[in-house]
Amino acid sequence: MKKLVLLCLALLWAGCSNVQNDAQAFLDAYTAKLLELYKVRSEAEWKLNTYIVEGDTLTSAAAQQAKEAYGEFTGSKENIEKARGFLAQKEKLTPLQVRQLEKVLYAAADNPQTIPDLVKERIKAETAQTETLFGFDFKIGEKSVAAGDIDGILKDETNLQKRLQAWEASKEVGRALKPGLTKLQELRNKTVQALGYSDYFAYQVSDYGMSTEEMMDLNRRLVDEVRPLYRELHTFARYELAKKYGVKDVPEMLPAHWLPNRWGQDWNSMVSVKGIDLDGVLKEKSAEWLVQQGENFYKSMGFQPLPQTFWEKSSLYPAPPDAGYKKNNHASAWHMDLQNDVRCLMSVAANADWYETVHHELGHIYYFISYTNPDVPPVLREGANRAYHEAVGSLLGLAAMQKPFLAHLNLIPAGAQTDEMQALLKEALNYIVFIPWSAGVMTEFEYELYAKNLPADQYNQKWWELARKYQGIVPPAERGEEYCDAASKTHINDDAAQYYDYALSMVQLFQLHNYIAAQILKQDSRATNYYGNAEVGEFLKKLMEKGATEDWRKVLKETTGEELNAKAMLNYFAPLMEHLKEMNRGRKYTL
Ligand code: X8Z
Ligand code: ZN
């Protein structure tokens, strides 16, 4: 009897190990080809985003070809069938193999070769959209201006007419992008539908192991949770900005061109904190210094220096006005070959916004570097989830703004007296204000666009309906359907149906920060200094070096001891509530 059991076990094991061997052989061959094509595609896309010349058809043709080759392979019928076949015998595979095969199928759904013509058409439309977006000539009056110049005006200018001009100039690009977006709405939906997803939004959300309803519920809950504080900030902003612009009648809703950001996603530069003048200090430094300083922060916690190729191959600063080419002016980080070629595409200028963004992007870079190790197969070289990838760098961006850190690095005068409540207010105008925008406007719009097939003649109406509802922001004047203000936002065009990543990343960020402050640093979470702390470095490395080899919920639980929740974020800003109520006493609330 005992012998029989042993024999059965042995046979079972042999059966498993055969399937495992076959699956592994498939995954190895898949990975080898993937690495080859991925690299070529990255290089072509890199060129497309860093060297945009009107009339240059070679660059887009090369990008088209590389993306098609990548799509033909990752979406091939053979890969789909094999991955499905192995997954049908899931119980015989190792968990790591199952995760890889699921990623193989997920990647296939983006380019299914069951409908090759549609995939090609979509690639073409996406390439064209990138060129239109980043080759766009922004103009104020007759004069061409860089996107950074518009941002500068919206931050500093007090003349409302000039602000209006700059804001309107920033939205013109949407008009040019509307036909492309309409095409992409259809093509993105159709491509993923071929592998059984209901629409492109559901496809992107499924990467979290969640349904559309679950994701929407989560985002809506988040919006509700921050609403009371947002309402205070909204009231505060209406009155303060009216004062600043000399407007007597305080408007019920915030006119979009009053805000210091093209989309009203971050209002922090509205207030300054006495004793902390980061913009003033950074003006004296160079853009290069900012990037160096970002690297120093990571190194101080035990991370390796950035590889030499990072410095050689990245595109870190704005293209000079007379360069003869334009580049993607939105920051991004690239893992070119899923190995050691990591790069940033930025347009760093010496100001506080870029100081934060540099930390954000380097977070992506150190995430790439951490999971490029033998325990993480290339197919799983991603964040635990996409929000995690966004959270790490933003976490260090937050840490790099706190007073003890700034003092330690002599970025504020030693012994500077500062108003802590004002500092907290400034942070809330960044992190809290971001939630109705990200979890509300952006997520709801893309949900409507893809899951609900929003008709093209309702894009702008829907966009502003959501901006009013969630952000309490209205356009300066009626904006008809000839405009497409949603498309002025980079991600609508080239990072579709994923913006809730950023909303969730903020929640996770505060959970991580809270844990680090309380458990590792034993410091007040509103006044920390991570600099030079190897234990914090270890904590982050441990999280990042897993890549996507484990379920993100498990990772979150193991690192912070908690499920995903906004408590840490709300607690962080709790002291502000009373303060704002005091400041808003007697003011009319309109949200
Ligand atoms: O797009 C970004 C990063 C690149 S991953 C700069 N962010 C969002 C945005 O700018 O809209 C960072 C925060 C939100
Ligand atoms: Zn990012």
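Keep in mind that what you see is a predicted model, and the values were worked out from it rather than measured.

Participant: How should I be thinking about the coordination of the zinc ion (ligand 2) in this particular structure?
Facilitator: Ideal values for angles at a metal depend on the geometry: 109.5 degrees with four tetrahedral donors, 90 or 180 degrees with six octahedral donors. Distances from the zinc ion (ligand 2) to its protein donors, His-360 (NE2), His-364 (NE2) and Glu-390 (OE), fall within 2.0 to 2.1 Å. Angles of 91 to 126 degrees at the metal separate the four donor atoms of the zinc ion (ligand 2), which places the site in the tetrahedral class. Counting residues between consecutive donors of the zinc ion (ligand 2) along the chain gives the motif H-x3-H-x25-E. In this pair, His-364 sits in helix α13 (residues 352-371) while Glu-390 sits in helix α14 (residues 386-399), placing the two residues 26 residues apart along the sequence. You can call His-364 buried: its relative accessible area is 8%. Glu-390 sits in the buried class, given a relative accessible area of 11%.

Participant: Before we go on, may I ask you to explain the nonpolar core in this structure?
Facilitator: The biggest cluster of nonpolar side chains holds 178 residues, and the ones touching the most others in it are Trp-267, Tyr-530, Met-569 and Phe-573. If one sorts the elements of this core by residue count, helix α16 (residues 420-451) sits on top with 17 residues. In contact with Tyr-530, other than residues within four places in its own chain, are Phe-297, Met-301, Leu-395, Leu-396, Ala-399, His-513, Ile-516, Leu-521 and Val-536.

Participant: I keep staring at the environment of Ser-144 and nothing clicks. Help me out?
Facilitator: In this structure, Ser-144 sits in strand β2 (residues 143-144). Ser-144 sits in the partly exposed class, given a relative accessible area of 41%. A C-alpha to C-alpha distance of 43 Å links Ser-144 and Met-577, two positions 433 residues apart in sequence. Setting aside anything within four residues of it in sequence, one finds Ser-144 in contact with Asp-137, Phe-138 and Lys-139.

Participant: Whenever I open this one, helix α6 (residues 147-156) confuses me. Can you help?
Facilitator: Three- or four-residue spacings in an α-helix give side chains the same orientation, since the helix completes a turn every 3.6 residues. All of the buried residues in α6 are Ala-147, Ile-150, Leu-154 and Lys-155. Looking down the long axis of α6, one finds its buried residues gathered within 135 degrees of arc, a one-sided arrangement. Residues of α6 that are buried in the fold lie against α7 (160-193), α9 (212-244) and α13.

Participant: Which parts of the structure should I look at to understand the packing of aromatic side chains?
Facilitator: Given two aromatic rings, their pairing is described by the distance between the two centres and the angle made by the two planes. With the rule as written, the count across this model stands at 40 aromatic pairs. Where Tyr-106 meets Tyr-203, the ring centres are 4.4 Å apart and the plane angle is 15 degrees; that geometry is what we call stacked. With Tyr-106 in helix α4 (residues 95-110) and Tyr-203 in helix α8 (residues 200-206), this pair connects stretches of sequence that are 97 residues apart. Considered together, Tyr-106 and Tyr-203 belong to a single accessibility category, that of buried residues. With a centroid separation of 5.7 Å and 55 degrees between ring planes, the pair formed by Tyr-200 and Tyr-450 is classed as tilted. Note that Tyr-200 is positioned in helix α8 and Tyr-450 in helix α16, a separation of 250 residues in sequence.

Criteria and thresholds
- Residues numbered from 1 in each chain as written.
- Chains lettered and ligands numbered in written order.
- Predicted model: local features only at pLDDT ≥ 70, side-chain atom pairs only at ≥ 80, totals over all residues.
- Heavy atoms only, no water.
- Donors = N, O, S within 2.8 Å, 3.2 Å for Na, K, Ca; no water.
- Tetrahedral: all angles 85-135°; square planar, octahedral: opposite > 155°, others 65-115°.
- Helix = DSSP H or I, 4+ residues; strand = E, 2+ residues; numbered from the N terminus.
- Buried < 20%, exposed > 50% of the residue type's maximum accessible area, 1.4 Å probe, protein only.
- Core = buried A, V, L, I, M, F, W, Y, C linked by side-chain atoms within 4.5 Å.
- Contact = heavy atoms within 4.5 Å.
- Arc of directions from axis to C-beta.
- Phe/Tyr/Trp six-rings, centres within 6.5 Å; stacked < 30°, edge-to-face > 60°.

Such coordinate-based values are descriptive only and should not be taken to indicate function.
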